[in-house]
Each structure stands twice: as C-alpha cells, then as structure tokens.
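# Understanding the architecture of this molecule
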Amino acid sequence: QVQLVESGGGLVQAGGSLRLSCAASGRTFSSRTMGWFRQAPGKEREFVAAISWGTSRTYYVDSVKGRFTISRDNAKSTLYLQMNSLRPEDTAVYYCAAAPAYRTGRDQPGEYDYWGQGTQVTVSS
C-alpha cells in the first residue's frame, strides 16, 4: 500500500507561483513513476506532468511546458511540482499519483494505481 498526501495548494494571482508537494508512504517510492494530474469543475481529470523511476525522465502536457517543473526526492519519498507564471486556466484540484513499481506509466490515469486526496489551486485574474 502507498499513501500519498499533497500539500502546497492555495490562492494566487495570475503570474504568481506555487510549489506543490506530495509525501509518499512506504519503501517503493524510488521504483515508481510518479505523476501530477488536475481536475477543474465540470471537466475530466487531465494529465499535467510525470517523472519516471530510475532516470527521472520528465513529461509534460503542452499547456504547462516551460512554466511547470516536476521533480522528486527519493531520499524523502516526496514529489514536487513547481508552478510558475500561473494562469486562471490552471485553476483545478491537483492530484499526485503513483504507478505500479517498475512500470512505465505516463499520461493516462489508468496507468496509476495510487492517488492522493488532492489540493486546490486557484489562480485569480
């Protein structure tokens, strides 16, 4: 079992920054691809970014490239999402997710088997 707890959300003005964190329980964090997804009201859950286990290769949805940075600290079992130049359309509940150990999950929710409870990010114009 893996428990994921997000933190760092809040209210920020357009152009501002936030850093989300996701603390993971268990001893398998370093062997799991980790991802961030978001869901706005009335919309489907959307992939934001992922970071692979091993090489820490990163992947982003086009709308956040150059603004968001995903990273991980395996020693702390923590995933991060640095969000800069925030826009009102980034407003959503942000979820972190963990893929099965040693699997190559990326941008599909079905590729992840553990999810956090979510943290609200609101960007005002």
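Here is a short report on the structure shown in this document. The structure presented is a predicted model; accordingly, all values stated were derived computationally and were not measured.

What counts and how
Residues numbered from 1 in each chain as written. Predicted model: local features only at pLDDT ≥ 70, side-chain atom pairs only at ≥ 80, totals over all residues. Heavy atoms only, no water. Helix = DSSP H or I, 4+ residues; strand = E, 2+ residues; numbered from the N terminus. Rg over C-alpha atoms; globule rule 2.2 N^0.38 Å. Buried < 20%, exposed > 50% of the residue type's maximum accessible area, 1.4 Å probe, protein only. Phe/Tyr/Trp six-rings, centres within 6.5 Å; stacked < 30°, edge-to-face > 60°. Lys NZ or Arg CZ within 6 Å of the ring centre and 35° of its normal. Polar contact = N/O pair within 3.5 Å; in protein donor to acceptor, adjacent residues only side chain to side chain. Contact = heavy atoms within 4.5 Å. Lys, Arg positive; Asp, Glu negative; His and termini not counted. Salt bridge = Lys/Arg side-chain N within 4 Å of Asp/Glu carboxyl O.

### Some details on the overall build of the chain
Looking only at helices and strands, the chain has 0 helices and 11 strands in total. Reading the helices (α) and strands (β) of the chain from amino to carboxyl end gives β-β-β-β-β-β-β-β-β-β-β. Relative to the globule expectation of 14 Å for 125 residues, the C-alpha radius of gyration of the chain, 13 Å, shows essentially globular dimensions. Dimensions of the chain along its principal axes, counting C-alpha atoms only, are 40 × 25 × 25 Å. Evaluated residue by residue, the chain yields a buried proportion of 45% over its 125 residues.

### Quick look at the packing of aromatic side chains
The way to describe two aromatic rings as a pair is by their centre distance and the angle between their planes. The tally for this structure, following the rule as stated, stands at 5 aromatic pairs. Grouping aromatic residues by their ring pairs yields a cluster made of F37, F47, Y112 and W115. Across the ring face of Y95, the terminal group of R45 is positioned such that the distance to the ring centre comes to 3.9 Å. The cationic tip of R45 hangs over the ring face of W115; the distance from NZ or CZ to the ring centre is 4.8 Å.

### Here we look at the side chain of R67
Here R67 is to be found in the loop between β6 (58-60) and β7 (68-73). Here S85 takes part through its backbone oxygen, which lies 2.9 Å from a polar atom of the side chain of R67. Not counting the four nearest positions on each side in its chain, R67 is found in contact with Q82, M83, N84, S85, L86, R87 and D90.

### A look at the side chain of E6
With respect to the helices and strands, the residue E6 is situated in strand β1 (residues 4-7). No salt bridge forms around the buried E6; measuring N to O, its nearest opposite-charge neighbour R45 is 7.6 Å away. A distance of 2.9 Å separates a polar side-chain atom of E6 from the backbone nitrogen of G118. Dropping the residues within four chain positions of it, E6 is found in contact with S21, C22, W36, Y94, Y95, C96, G116, Q117, G118 and T119.

### Comments concerning the pattern of salt bridges
Applying the stated criterion to the full structure yields 5 salt bridges. Between K65 and D62 there is a salt bridge; the shortest N-O distance is 3.0 Å. On the basis of relative accessibility, which here comes to 60%, the residue D62 falls in the exposed class. Here R67 makes a salt bridge to D90, at a shortest N to O gap of 2.8 Å. One end of the pair, R67, is in the loop between β6 and β7; the other, D90, is in the loop between β8 (78-83) and β9 (92-98), with 23 residues separating them in the sequence. Residues joined in a network through salt bridges with shared partners are R38, E46, R67 and D90.

These figures come from the coordinates and say nothing about function on their own.
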